[in-house]
Amino acid sequence: AFYCRGRALYSSDNLDQALKHLQEALRLDPDHAGARKFLKMIRGLDREITAAREAVKTRDFEGSCPHFEKAIDFLKVDTAQAVTRCGLMGELATAHLRLKAYDKCIAQCKEALEVNPTSAHYCTWASALQAQSRHNDALQVLAKAQQIDPSSDVVNNSIAKSQFEIKRAARPDLYGLFGVKSVASEKEIRAAYKQKALTCHPDRVAPELRPKAEVEFKALGEALDLLTDDFKRGLWDKGHDSESIKQRAEYEAQRQKQGGG
C-alpha cells in the first residue's frame, strides 16, 4: 500500500511525500524490489533537480544545465511525468537563454512544446528571438502563446516589446540626417540644420526639383523639432517613433494644462 501510494504521489509531482512513502514501504518490507528500484530513481531525480535549481539561484546557469539534462533523462521513460518533464525542459531553456545560447534555448522550447504546449515556453522562445533582433519571428511565436493565454500580461508585454522594436528599426536616422552624433548639443544640431537647409530649401533648387526638395525640407524641420526639444528628444533616444512622440507630447501638454488650472 505504501509503495502504491508512493507511486501515485510521484505521479502527482509530490516527490517529497513519494520519498517518505517508499521509505516506509521498505521499512515494512526491506526485500520489496519495486520499492527499492523506484526509491533509487526518485532520489536520483530529486538530487539532480535540487542541484540544478541551486545552481540557478547562484546564477551558475552553465553548471545547472547538466543537472537539468540528467533530471529530464530520468523522466523520459515515464509518461505520467510529462508535465514535470516539460517544466524542467522549460527551466533548461531559460538557463540556455541566460547563457545567450539562443539556438539551444529555441530547440529546447520546441521539444518542450511537443510534450505540453504552454504559453511560458512560447514566451521563452520569443525572448531568444528578441535577443537576436528577430522581432517579426517573435511576434509569430507570441501569437501562439496569446491563443493559449489571451489575458497574460507577460505575453502581451512581450508582444508590445517586439512591436516597439520593429517600429524603432523602421525609423529614419535623424542624427545621420544632420551629420552629427547622438550626443550632439542643441547648438550643434541647429548649426547642422542651417547648413542642410541651404542645400534642400525649395526656393534654392530648380523648379523640376522643387517637389522633392519640399519633402526633404519638411523632414528636416520635423527632425529639428524632435531633436531640439528635451522631452521629445529623450523619447526618440529611447526608441519611440515620431507618431508615438507626438501622442505623448500632446498628453504631457494636456496634463500640464490641467495641473496649471
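Quantities reported herein were computed from a predicted structural model and do not represent experimental measurements. (Residues numbered from 1 in each chain as written. Predicted model: local features only at pLDDT ≥ 70, side-chain atom pairs only at ≥ 80, totals over all residues. Heavy atoms only, no water.)

### Regarding the packing of helix α1 (residues 2–11) against helix α2 (residues 15–28)
Then comes step 1: The interhelical angle for the contact between α1 and α2, taken along N-to-C directions, is 165 degrees, at an axis separation of 8 Å. The orientation of α1 relative to α2 falls into the category roughly antiparallel. Both α1 and α2 take part in a crossing whose hand is left-handed. On α2, the residues touching Phe2, Tyr3, Arg5, Gly6, Leu9 and Tyr10 of α1 are Leu15, Gln17, Ala18, His21, Leu22, Glu24, Ala25 and Leu28.
Then comes step 2: When its residues are assigned to classes, the contact of α1 with α2 shows 9 nonpolar, 3 polar and 2 charged. (Axes fitted to C-alpha atoms, helices over the stretch in contact; angles between N-to-C directions. Helix = DSSP H or I, 4+ residues; strand = E, 2+ residues; numbered from the N terminus. Parallel < 35°, antiparallel > 145°, perpendicular 65-115°, else oblique. Left-handed = near helix turned anticlockwise from the far one by under 90°. Contact = heavy atoms within 4.5 Å. Nonpolar A, V, L, I, M, F, W, Y, C, P; charged D, E, K, R; others polar.)

### Observations regarding the nonpolar core
Then comes step 1: Counting 29 residues, the largest nonpolar core has Tyr10, Leu22, Phe38, Ile42, Leu45 and Leu88 as its most contacted members.
Then comes step 2: When contributions to this core are tallied by element, the ones reaching two or more residues are α1, α2, α3 (33–57), α4 (61–75) and α5 (82–98).
Then comes step 3: Here this core gets 8 residues from one element, more than from any other, and that element is α3.
Then comes step 4: Aside from chain neighbours lying at most four places away, what touches Leu22 is Tyr3, Gly6, Ala35, Phe38, Leu39 and Ile42.
Then comes step 5: Core analysis: the second largest hydrophobic core is formed by 18 residues, Tyr122, Cys123, Leu129 and Ala145 among them. (Core = buried A, V, L, I, M, F, W, Y, C linked by side-chain atoms within 4.5 Å. Buried < 20%, exposed > 50% of the residue type's maximum accessible area, 1.4 Å probe, protein only.)

### Some details on the pattern of salt bridges
Side chains bearing opposite charge may pair, as long as their charged atoms lie close to each other.
Then comes step 1: Counted according to the given criterion, the structure contains 9 salt bridges.
Then comes step 2: In this structure, Lys20 engages Asp16 in a salt bridge whose closest nitrogen and oxygen atoms are separated by 3.7 Å. Here Lys20 pairs with Asp16, and both are found in helix α2, just 4 residues apart, close to one helical turn.
Then comes step 3: When its relative accessible area of 45% is taken as the criterion, Lys20 is described as partly exposed.
Then comes step 4: With relative accessibility at 46%, the residue Asp16 sits in the partly exposed group.
Then comes step 5: Residue Arg53 pairs with Glu91 through a salt bridge whose shortest N-O separation is 2.7 Å. Taken together, the residues Arg53 in helix α3 and Glu91 in helix α5 connect sequence positions 38 residues apart. (Salt bridge = Lys/Arg side-chain N within 4 Å of Asp/Glu carboxyl O.)

### Looking at the layout of surface pockets
Then comes step 1: The computed volume of the largest pocket comes to approximately 150 Å³.
Then comes step 2: For the largest pocket, the full set of lining residues is Arg171, Pro172, Leu174, Leu177, Ala219, Glu222, Ala223, Leu226, Trp236, Asp241 and Ser242.
Then comes step 3: The set of elements that each furnish at least two residues to the lining of the largest pocket consists of α10 (174–178) and α12 (210–227).
Then comes step 4: Ranked by residue count, the leading element in the lining of the largest pocket is α12, at 4 residues.
Then comes step 5: Here the lining of the largest pocket is composed, by residue class, of 7 nonpolar, 1 polar and 3 charged. (1 Å grid on protein atoms, 1.4 Å probe; cavity = no way out; pocket = protein on both sides within 12 Å on 5 of 7 lines; lining within 4 Å. Points joined across faces, edges and corners; volume = space filled by probe spheres on them.)

### Details of unusual backbone geometry
Trans peptide bonds make up most of the peptide bonds, and negative phi angles are found at most residues other than glycine.
Then comes step 1: Positive phi, close to 65 degrees, is recorded for Arg59, a residue that is not glycine.
Then comes step 2: Of note, Arg59 is situated in the loop between α3 and α4.
Then comes step 3: One non-glycine residue, Ser133, lies in the positive phi region at around 60 degrees.
Then comes step 4: With respect to the helices and strands, Ser133 occurs in the loop between α7 (119–131) and α8 (135–148).

Worth remembering: the numbers are spatial, not functional.
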